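Fold and contact review
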Protein chains: 2
Amino acid sequence: MFSTTCQYAIRAILYLALNTDDNHKIGADVLSEELEMPKHFLAKILQQLTKSGFVSSSKGRNGGFYLSDKDKASNLLEIIYVIDGPSRFENCILGLKECSGKTPCPYHSDVQTFRRDFKSKLQNETIFESAKRIAENNLTLNINH
Amino acid sequence: MFSTTCQYAIRAILYLALNTDDNHKIGADVLSEELEMPKHFLAKILQQLTKSGFVSSSKGRNGGFYLSDKDKASNLLEIIYVIDGPSRFENCILGLKECSGKTPCPYHSDVQTFRRDFKSKLQNETIFESAKRIAENNLTLNINH
DNA sequence: TTTTAATAAGACTTAAATATCTTTTTATCT
DNA sequence: AGATAAAAAGATATTTAAGTCTTATTAAAA
Ligand code: FES
Ligand code: FES
């Protein structure tokens with residue numbers, strides 16, 4: 001469903017939402033250990049998200065990555081679109097050129113129903129709300145926590 | 001969701017279900033043009049499915065690929081498992097090591113509900129029934145038909 | 001002001017998926 | 001029997017995704 005890169009991005013963003021703010025930053029190094037991801041690879045993803053304006057960072061000693069309140073007002077779908085683009089939600093599951101109700105493939109309706117719902121869940125919940133839901137229901141971002 | 005290889009396999013199998021039987025075979029060459037797939041790549045996939053017992057073939061002049069009645073009694077999930085393995089239905093959407101209700105990720109329940117339903121649809125409908133449904137509802141396997 | 005610890009940037013490497021090419025085997029038709 | 005047309009097999013090539021390494025830049029601490 002999502003590329004490995006995008007899976008890392010989602011888990012990292014949600015971890016930052018739960019554990020950081022303007023006054024509590026975290027280094028890519030520590031984060032990569034917490035979430036068991038390749039260090040440099042994660043760093044590059046976070047840099048891309050910083051450039052795109054979904055993550056905040058500060059350089060130099062005591063620097064690190066974090067989500068500002070403004071960052072936490074965005075939603076996961078935006079982030080997914082930055083990394084994977086919209087194709088994951090729009091392309092035919094069987095690889096047909098068109099994916100629409102006009103010339104549906106044999107599984108279009110099943111898939112499209114799910115994707116529409118999932119997409120709007122991702123879009124309508126802010127990162128902040130996602131983090132709250134995760135904390136309240138004790139959901140997992142990393143097998144060790 | 002599925003690998004490109006698996007998408008080709010599904011579309012090819014369904015096409016064979018609709019257009020072939022013991023007395024009507026089709027060459028990989030023609031099939032690749034009908035479905036707009038790379039010829040040799042499709043041939044390899046069909047060979048793998050033949051080896052696995054889901055597709056029938058005959059060599060030599062007037063040979064080709066086809067689905068026997070017995071082949072048409074199988075289901076798509078089996079074919080997907082041969083190509084992609086079960087991972088597509090069993091792995092966590094965020095890449096966590098475990099995917100279960102014990103330590104669910106934030107999107108486990110949404111995803112799992114869909115996957116359970118989709119998987120059982122794929123499993124409970126025979127290839128023969130799938131083909132019938134495609135013909136009756138004029139569903140698409142190839143943008144040109 | 002020098003050292004240190006962090007992100008930023010970009011080159012490079014590796015691995016996997018996708019695609020192509022070539023040769024062999026087999027059955028049928030002439 | 002010889003020519004032909006198909007699948008089978010396997011080697012090779014290309015492309016994309018994933019991961020690593022090195023250097024530059026920046027800001028705080030000592
Ligand atoms: S046409 Fe195949 S999923 Fe929409
Ligand atoms: S734990 Fe993530 S999809 Fe099941």
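Each remark here, short or long, concerns the structure printed above.
Residues numbered from 1 in each chain as written. Chains lettered and ligands numbered in written order. Predicted model: local features only at pLDDT ≥ 70, side-chain atom pairs only at ≥ 80, totals over all residues. Heavy atoms only, no water.

1. What to know about the overall build of chain A
Tallying secondary structure elements over chain A gives 8 helices and 2 strands in all. A total of 145 residues make up chain A; the buried ones form 48% of that total. By sequence separation, contacts in chain A at least 24 residues apart represent 65% of the contacts at least 6 residues apart. For chain A, the accessible surface area stands at approximately 7400 Å², while carbon and sulfur atoms represent 46% of it. Distance between charge centroids for chain A: 6 Å, based on 18 positive and 17 negative side chains. (Helix = DSSP H or I, 4+ residues; strand = E, 2+ residues; numbered from the N terminus. Buried < 20%, exposed > 50% of the residue type's maximum accessible area, 1.4 Å probe, protein only. Contact = heavy atoms within 4.5 Å. Areas by Shrake-Rupley, 256 points an atom, 1.4 Å probe, with all protein chains shown as cover. Lys, Arg positive; Asp, Glu negative; His and termini not counted. Charge placed at Lys NZ, Arg CZ, Asp CG, Glu CD.)

2. With respect to the relation of the copies chain B and chain A
Its rotation angle being 180°, the transformation that places chain B on chain A also includes 0.0 Å of axial translation and leaves an RMSD of 0.0 Å. What the rotation and shift describe, once combined, is the action of a two-fold rotation axis. Residue Met1 of chain B, judged by its C-alpha, is the member of chain B lying nearest the rotation axis, at 2.5 Å. Taken as a fraction of all interface residues of chain B, those also at the interface in chain A reach 100%, which identifies the copy contact as same-surface. (Least-squares fit on C-alpha atoms with pLDDT ≥ 70 in both.)

3. Let's talk about the environment of Lys102 of chain B
Residues and elements named next belong to chain B. Assignment of secondary structure puts Lys102 in the loop between helix 6 (87–90) and helix 7 (108–124). Overall, Lys102 belongs to the exposed group, its relative accessible area being 79%. Separated by 17 residues in the primary sequence, Lys102 and Lys119 place their C-alpha atoms 21 Å from one another.

4. Digging into the pattern of salt bridges
Residues and elements named next belong to chain A. All told, the structure shown has 12 salt bridges over all chains when counted by the stated rule. Between Glu125 and Arg133 there is a salt bridge, with its nearest N and O atoms 2.8 Å apart. Of the two residues, Glu125 and Arg133, neither departs from the other in class, the shared state being buried. (Salt bridge = Lys/Arg side-chain N within 4 Å of Asp/Glu carboxyl O.)

5. Some details on the protein's contact with DNA strand D
In the vicinity of DNA strand D lie 27 residues, with Thr4 and Asn62 of chain A together with Ala28, Gln47 and Ser57 of chain B positioned nearest. Restricting the count to atoms of DNA strand D within 4 Å of the protein gives a sugar and phosphate share of 68%. For DNA strand D, a phosphate oxygen lies 3.2 Å from a polar atom in the side chain of Tyr8 of chain A. Here a sugar or linking oxygen of DNA strand D and a side-chain polar atom of Arg61 of chain A are 3.1 Å apart. Put simply, the parts of the chain that give the surface near DNA strand D at least two residues each are helix 1 (4–19) and helix 3 (39–51) of chain A together with helix 3 (39–51), strand 1 (56–58) and strand 2 (64–66) of chain B. Of the residues forming the surface near DNA strand D, the biggest block, 4 residues, is contributed by helix 3 of chain B. Residues of the surface near DNA strand D, tallied by class, amount to 6 nonpolar, 14 polar and 7 charged. (Near = heavy atom within 4 Å. Polar contact = N/O pair within 3.5 Å; in protein donor to acceptor, adjacent residues only side chain to side chain. Nonpolar A, V, L, I, M, F, W, Y, C, P; charged D, E, K, R; others polar.)

6. A word on helix 1 of chain A
Residue and element names in this part refer to chain A. Its 16 residues give helix 1 an end-to-end C-alpha distance of 22 Å, which sits within 8% of 22 Å, the value for a rise of 1.5 Å per residue. By the criterion of burial, helix 1 is predominantly enclosed, with 12 of the 16 residues buried. Residues of helix 1 that are buried include every one of Cys6, Gln7, Tyr8, Ala9, Ile10, Arg11, Ala12, Ile13, Leu14, Tyr15, Leu16 and Ala17, and no others. (Expected span 1.5 Å × (residues − 1).)

7. Observations concerning the interface of chain B and chain A
Taken together, the 35 residues of chain B in the interface contact 35 residues of chain A. On inspection of chain B and its partner chain A, the count reaches 4 salt bridges. Lys97 of chain B is the partner of Glu36 of chain A in a salt bridge, and the nearest nitrogen-oxygen pair spans 2.9 Å. At the surface where chain B touches chain A, the tally comes to 12 residue pairs in polar contact (both at pLDDT 80 or more). Listed by contribution, the elements that provide at least two residues to the side of chain B that touches chain A are helix 1 (4–19), helix 7 and helix 8 (127–137) of chain B. For the side of chain B that touches chain A, the element with the highest residue contribution is helix 7 of chain B, accounting for 6 residues.

8. Observations concerning the layout of surface pockets
The space that makes up the largest pocket amounts to roughly 360 Å³. Lining the largest pocket are 18 residues, with Arg88 and Cys92 of chain A together with Met1, Phe2 and Gln7 of chain B sitting closest to its centre. Among the elements of the structure, helix 6 (87–90) and helix 7 (108–124) of chain A together with helix 1 of chain B are those that each provide at least two residues to the lining of the largest pocket. Top element by residues in the lining of the largest pocket is helix 7 of chain A. It accounts for 3 residues. The residue inventory of the lining of the largest pocket, partitioned by class, reads 9 nonpolar, 6 polar and 3 charged. In this structure, the second largest pocket occupies an estimated 290 Å³ of space. In this structure, the second largest pocket is lined by 13 residues; those nearest its centre are Met1 of chain A together with Arg88, Asn91, Ile93 and Arg115 of chain B. (1 Å grid on protein atoms, 1.4 Å probe; cavity = no way out; pocket = protein on both sides within 12 Å on 5 of 7 lines; lining within 4 Å. Points joined across faces, edges and corners; volume = space filled by probe spheres on them.)

Spatial relationships are all this shows, so hold off on functional conclusions.
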